[in-house]
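Observations on the three-dimensional arrangement
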Amino acid sequence: MSDHLISILYLDDEEQNLVSFRALFRRDYQVFTAITASEAVEVLNNHEVHVVFSDQKMPDLSGVEFFELIQPDFPDPIRILLTGYADIEAVIDAINKGQVYRYLTKPWDENELRITIENAFDLYNSRKQVSAKQTELEKAYAELEKFVYSASHDLRAPLLSIKGIINLARQENDPNKFREYFNMIDVSINRLDAFVQNIIHYYQNEKHEGNHGSVWFESLLNEIIGSLKYTEGADRVQFRIKVNQDRPFHSDELRLRIILSNLLSNAMKFRDPSKPDAWVQVEVHVDNKRCTLNVSDNGPGITPEDQPRVFDMFFRSQHNQGGTGIGLYIVKEAVEKLNGRISLHSTRGNGTSFVIELPEKE
Amino acid sequence: MISPERLNILLVDDNDIDIAVNTKLLKLAELTDNIYSFNSGRQFIEFLDTNMNGLKKKVNVVLMDIMMPGMDGFQCLEKVKELPEDALRSIFAFMLTSSIDRNDIIKAEKSGIVRQVLEKPLDVYLVKKFLRDIYLQSQGSE
């Protein structure tokens, strides 16, 4: 016996049949009845119906015709025909064409009816699950395709740069020049590593069920800034933290870490090199059941044309040197997984600020 | 062989390391002192527009990265094709890529001005060979 309330629609031109059916099943299932096809369509429009029964012999249209009618708009409910022995020919045709799942002969047998309903509901559920899985798979394939295309560039490019450097070094006679080549190799390796880490973050974010813990933002931020210390540009950026939090915030620390480290590392990477006093500020307000994060900087800002696209996978602005284009995509996905919202405020030449609102996890 | 004064080599790549390495490699090959580099398609187009009169008297070999943010290599070429005929004739374009994709080869053929699609890292021996081909071709047509 299922624990989910099965919802059934029964169409028949004879009132007596509708009454009997309802009497039999109203305690176990959610039963809707209709005496005309248009009444039946009305029910389908307003309720989620799992199983539809229809009488075959009706004055306006046959049961098979009714099912043909509703199939385009309501393909999901499982269709079952109730028919007298004489109508078998028409019914078999409909079954073979896939219109109808099963037929039952009148007068019905209560047990057979129940078993049919349960089986039909199982089928309904299975199909729904498959459909959901398919959508998930399609999304995964689309992302994989984008990833493979971009990977061939983002994974290989730094390696090929290094090959070029090595070619050069082999022709080099002056050993003093080697330090310069080693620095260039180091930069390429960091780029590649950053990309790989981004991919890992992305999949951790996608697959991870989420851990629930108490988060204190001040120490989390200090940890993240500490880990960014050896990244290029860290010594040229001033980090400012302003946390307003008097009680722990219950949330997924892994995802918060992904969000904050990506935003901070972006702000650092794309700072305005002409400004001697480049800074990145993180302001956190923890309120009743929610928190607001504001990551802002005095970098070059983001143009209005680029703004709608910055969260797209692999989008890179022409104004930025370096970067993989996946950081903000990951941030957005992580925010969504936490049921939060992210917004961007920026003008070119005037810095950028990302505002994230997150509810507390129950 | 094309004389160094008549030759310009123009590098277009968003990757600063590749620009640095390729510039050095080409200088070591002693083909010419006229090596110019650009970080974006847009910068390159601006340069062409401003310096066209001087450029069209020379042989301009362009080594352009395909994958660049903003305007990619092929989009940049479309802009280059808007130049007047006499300037266009002086430009020989080679596309550089991290991995040769069939679509890129097709795009290159369709563009009409790409001589060859080359795989990174840049092989200077290949560049020398292509320069020789260009020289011989120009000798033949004079």
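Scroll up a little and you will see the structure.
Residues numbered from 1 in each chain as written. Chains lettered and ligands numbered in written order. Predicted model: local features only at pLDDT ≥ 70, side-chain atom pairs only at ≥ 80, totals over all residues. Heavy atoms only, no water.

Focus on the overall build of chain B
Counting secondary structure elements, chain B contains six helices and five strands. Sorting the 142 residues of chain B into buried and exposed places 53% on the buried side. Contacts spanning at least 24 positions in sequence make up 68% of the contacts within chain B whose residues lie at least 6 apart. Working note: accessible area of chain B is about 7,100 Å², and carbon and sulfur atoms make up 49% of it. (Helix = DSSP H or I, 4+ residues; strand = E, 2+ residues; numbered from the N terminus. Buried < 20%, exposed > 50% of the residue type's maximum accessible area, 1.4 Å probe, protein only. Contact = heavy atoms within 4.5 Å. Areas by Shrake-Rupley, 256 points an atom, 1.4 Å probe, with all protein chains shown as cover.)

What about the pairing of strand 9 (residues 279–286) of chain A?
All names here are of chain A. Pairing geometry for strand 7 (residues 238–244) and strand 9, over seven bridges, is parallel. Counted as the bridge partner of Gln238 is Trp279 from strand 9. In the sheet, strand 9 pairs with strand 10 (residues 290–297) via seven bridges, with the strands oriented antiparallel. Counted as the bridge partner of Val286 is Cys291 from strand 10. (Pairing = 2+ DSSP bridges.)

As for helix 5 (residues 102–111) of chain B
All names here are of chain B. Turning to helix 5, its buried residues are Asp104, Ala108 and Ser111. Down the axis of helix 5, the buried side of the element spans an arc of 65°, and every buried residue falls inside it. Exposed residues lying more than 90 degrees from the buried face of helix 5 are Arg102, Glu109 and Lys110. Positive phi shows up at Gly112, right after helix 5, with a value of about 85°. (Arc of directions from axis to C-beta.)

Things to note about helix 2 (residues 41–55) of chain B
Residue and element names in this part refer to chain B. For helix 2, spanning 15 residues, the distance from its first C-alpha to its last is only 17 Å, which falls clearly below the expected 21 Å at 1.5 Å a residue. At Asp49, helix 2 shows its maximal kink, close to 50°. Taken residue by residue, helix 2 has Gly41, Phe44, Ile45, Phe47, Leu48, Met52 and Leu55 as its buried positions. Looking at the buried residues of helix 2, the elements they touch are strand 1 (7–12), strand 2 (35–38), strand 3 (59–65), helix 3 (73–80), helix 4 (85–88) and strand 4 (91–97). (Expected span 1.5 Å × (residues − 1). Bend = angle between axes of the 7 residues up to and from the residue.)

Topic: the side chain of A:Glu360
Residues and elements named next belong to chain A. Turning to its location among the elements, Glu360 is positioned in the segment after strand 12 (352–359). Here Glu360 sits buried without a salt bridge, and the closest side chain of opposite charge, Arg247, lies 5.1 Å off (N-O distance). Of note is the side chain of Glu360, whose polar atom sits 2.8 Å from the backbone nitrogen of His250. Aside from chain neighbours lying at most four places away, what touches Glu360 is Pro248, Phe249, His250, Lys289 and Arg290. (Lys, Arg positive; Asp, Glu negative; His and termini not counted. Salt bridge = Lys/Arg side-chain N within 4 Å of Asp/Glu carboxyl O. Polar contact = N/O pair within 3.5 Å; in protein donor to acceptor, adjacent residues only side chain to side chain.)

Considering the interface of chain B and chain A
Tallying the contact residues gives 21 residues for chain B and 25 residues for chain A. For the pair chain B and chain A, the summed buried area comes to about 2,100 Å², and 56% of that belongs to carbon and sulfur atoms. If you sort the residues of chain B by the area they bury against chain A, B:Ile17, B:Met67 and B:Ser98 come out on top, with a joint share of 26%. At the boundary of chain B with chain A, the tally comes to three salt bridges. Where chain B touches chain A, the interface holds six residue pairs in polar contact (both at pLDDT 80 or more). In terms of residue count, helix 1 (residues 16–28) of chain B provides more of the side of chain B that touches chain A than any other element does, eight residues in total. (Buried area = accessible area lost by both parts, 1.4 Å probe.)

What to know about the pairing of strand 12 of chain A
Residue and element names in this part refer to chain A. Taken across its eight residues, strand 12 has six buried, putting it largely inside the fold. When strand 10 meets strand 12, the two strands line up antiparallel, connected through eight bridges. Within the sheet, the bridge partner assigned to Val295 lies in strand 12 and is Phe354. The pairing of strand 11 (residues 341–346) with strand 12 spans six bridges and is classified as antiparallel.

A word on unusual backbone geometry
With omega at -5°, the peptide bond leading from A:Lys106 into A:Pro107 counts as cis. In this fold, A:Pro107 is placed in the loop between strand 5 (102–105) and helix 5 (110–154). Of note, the amide linkage connecting B:Lys120 to B:Pro121 takes the cis form, showing an omega dihedral of -5°. Topologically, B:Pro121 is positioned in the loop between strand 5 (114–119) and helix 6 (124–141). Although it is not a glycine, A:Lys289 sits at a positive phi angle of roughly 70°. Looking at the element boundaries, A:Lys289 is found in the loop between strand 9 and strand 10. Even without being a glycine, B:Glu30 presents a positive backbone phi close to 55°. When its relative accessible area of 69% is taken as the criterion, B:Glu30 is described as exposed.

Thoughts on the packing of aromatic side chains
Enumeration over the complete set of coordinates arrives at 14 aromatic pairs over all chains. Following the ring pairs from residue to residue traces out a cluster consisting of A:Tyr10, A:Phe21, A:Phe25, A:Tyr29, A:Phe53 and A:Trp108. (Phe/Tyr/Trp six-rings, centres within 6.5 Å; stacked < 30°, edge-to-face > 60°.)

Section: the nonpolar core
Core analysis: the largest hydrophobic core is formed by 39 residues, its most contacted members being A:Phe217, A:Leu260, A:Leu264, A:Leu293 and A:Leu358. If you list the elements that add at least two residues to this core, you get helix 8 (217–227), helix 9 (253–269), strand 9, strand 10, helix 10 (327–337), strand 11 and strand 12 of chain A. Of the residues forming this core, the biggest block, seven residues, is contributed by helix 9 of chain A. Residue contacts for A:Leu358: discarding those within four places in its chain leaves A:Phe249, A:Leu256, A:Lys289, A:Arg290, A:Cys291, A:Leu293, A:Val335, A:Leu338 and A:Gly340. The next biggest cluster of nonpolar side chains, apart from the first, holds 31 residues, and it includes A:Met184, B:Leu7, B:Ile9 and B:Val21. (Core = buried A, V, L, I, M, F, W, Y, C linked by side-chain atoms within 4.5 Å.)

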